[in-house]
Amino acid sequence: MSTASTGRSGRIDVHQHLIPPFYRDLLAKAGIGEAGGRALPDWSPEGALELMDTLGTTSAVLSVSTPGTGFLDDMGEAAALARRLNDFSASLTAQHPGRFGSFATLPLPDIAAAATEASRALDELHADGVTLLANNQDTYLGAEGQEPLWRALDERGAVAFVHPAELPAPAVEGIPPFAADFLLDTTRAAYLLVRNGIVHRYPNIRFILSHAGGFVPYSSHRMALTIANDTRRSPLDVLDDFRSFYFDTALSSSPAALPTLLAFAQPGHVLFGSDWPFAPTPAGQYFANGLDTFASPDQLRAINRANAEALFPRLASAPSSLPSPARPVVRRVRRAAQHAAARFLFKLVQPGTD
């Protein structure tokens, strides 16, 4: 199956980022010009819609990536920035109904302020969920003292998008954090959320783990046996908790990772993700082609849209396809050539393919 056959597939992208100009300026003022070892990319609503058209995406739920508000030491300033980011996202969603949704930014590790802002964003701004960085100033999700936040999210049946941050340790020279450390960061958070009973005690929270859950599908049985030995719970019960997570496909639709994810995840728990703009358009095309190639037609329909519709009823009511805007012939030809090149490259680098 090719991207051409699913070109306007009505995808709902649950892993797409935004970088408002005022946020970029604040990061620059703090001396931050990258995230996870990757330079902050250009972002604009127009660029996002262009990417969405390229990947056949009709709706995208936007989130602020690492460092969130965690680069600010003053908790009051962090809470104010979270409010400003969430107001911006709500305005963007209102300007582009059906195209954009948002995960609210929370001023973690301040639990009280995070619970307050989560309640405001979900109740008043009608955010589609919240973003939770896996660790916030070295404190991981699932640590002690976070109950007020979990209660607020559970009471609202919230979707919580778990995104990695920088590990609380120096990066290893030659290994960009986004390439490997991010996967460990997500896995650590998932481990503690299960080990410390968060997903069990707050079943109304729907957690989405970025990048196919890091190492969770691959190492789930090893981690489950460790937790079972530590807590005297049944390994099967622990595995059920790990399988209760949702997973996005951002940078993960390879012939090695995708079958592992689909073999582990509960039916209906795999969602499409692009990671744009931190993952540039060619990377988005590469992994979208992987999904189109290696998922069955039924799996593809579910991952592209149906599974996300169950989590985000508001987006389910949006059209699954949108009319293509008129474009010059040269631009249409260039777009078709880009699709063909991306499909060729994906096939070329797969071991054992013709």
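Just above, that's the structure.
Notes on the structure follow. Quantities reported herein were computed from a predicted structural model and do not represent experimental measurements.

Let us look at helix H10 (residues 257–264). Buried within H10 are the following residues: Leu258, Leu261 and Phe264. For H10, the buried positions fall inside an angular range of 140 degrees around the axis, keeping them on one side. In this structure, the buried residues of H10 make contact with helix H8 (216–231), helix H9 (235–243), strand S11 (246–248), strand S12 (270–271) and helix H11 (281–294).

Overall, parallel pairing links the eight strands, which are arranged S1-S4-S5-S6-S9-S10-S11-S12 in an open sheet. The strands lining the two open edges of the sheet, one partner per strand, are strand S1 (11–17) and S12. Two elements, strand S6 (residues 129–133) and strand S9 (residues 159–163), share four bridges in a ladder whose sense is parallel. For Thr131, the partnering residue across the bridge sits in S9 and is Phe161.

Let us now look at the packing of H8 against H9. Axis separation between H8 and H9 bottoms out at 8 Å; the angle between their running directions is 140 degrees. For the element pair H8 / H9, the angle class is oblique. Relative to H9, H8 is oriented so that their crossing is right-handed. Residues Val216, Ser220, His221, Met223, Ala224, Leu225, Ile227 and Ala228 of H8 lie in contact with H9, whose contacting residues are Pro235, Val238, Leu239 and Phe242. For the contact of H8 with H9, the residue count by class is ten nonpolar, two polar and no charged.

The next point concerns the packing of helix H6 (residues 181–195) against H9. Direction vectors running N to C along H6 and H9 enclose 130 degrees, while the axes themselves pass 10 Å from each other. Comparing the axis directions of H6 and H9 gives the class oblique. Both H6 and H9 take part in a crossing whose hand is right-handed. On H9, the residues touching Ala190, Tyr191 and Val194 of H6 are Val238, Asp241 and Phe242. Grouping the amino acids of the contact of H6 with H9 by side-chain chemistry returns five nonpolar, no polar and one charged.

Another point: the side chain of Thr187. With respect to the helices and strands, the residue Thr187 is situated in helix H6. Residue classification places Thr187 among the buried positions, given a relative accessible area of 6%. Of note is the side chain of Thr187, whose polar atom sits 2.8 Å from the backbone nitrogen of Phe215. When residues no more than four places from it in sequence are discounted, the contact partners of Thr187 are Gly213, Gly214, Phe215, Val216 and Met223.

Here is what the cut-offs are and how they apply
Residues numbered from 1 in each chain as written. Predicted model: local features only at pLDDT ≥ 70, side-chain atom pairs only at ≥ 80, totals over all residues. Heavy atoms only, no water. Buried < 20%, exposed > 50% of the residue type's maximum accessible area, 1.4 Å probe, protein only. Helix = DSSP H or I, 4+ residues; strand = E, 2+ residues; numbered from the N terminus. Arc of directions from axis to C-beta. Contact = heavy atoms within 4.5 Å. Pairing = 2+ DSSP bridges. Axes fitted to C-alpha atoms, helices over the stretch in contact; angles between N-to-C directions. Parallel < 35°, antiparallel > 145°, perpendicular 65-115°, else oblique. Left-handed = near helix turned anticlockwise from the far one by under 90°. Nonpolar A, V, L, I, M, F, W, Y, C, P; charged D, E, K, R; others polar. Polar contact = N/O pair within 3.5 Å; in protein donor to acceptor, adjacent residues only side chain to side chain.

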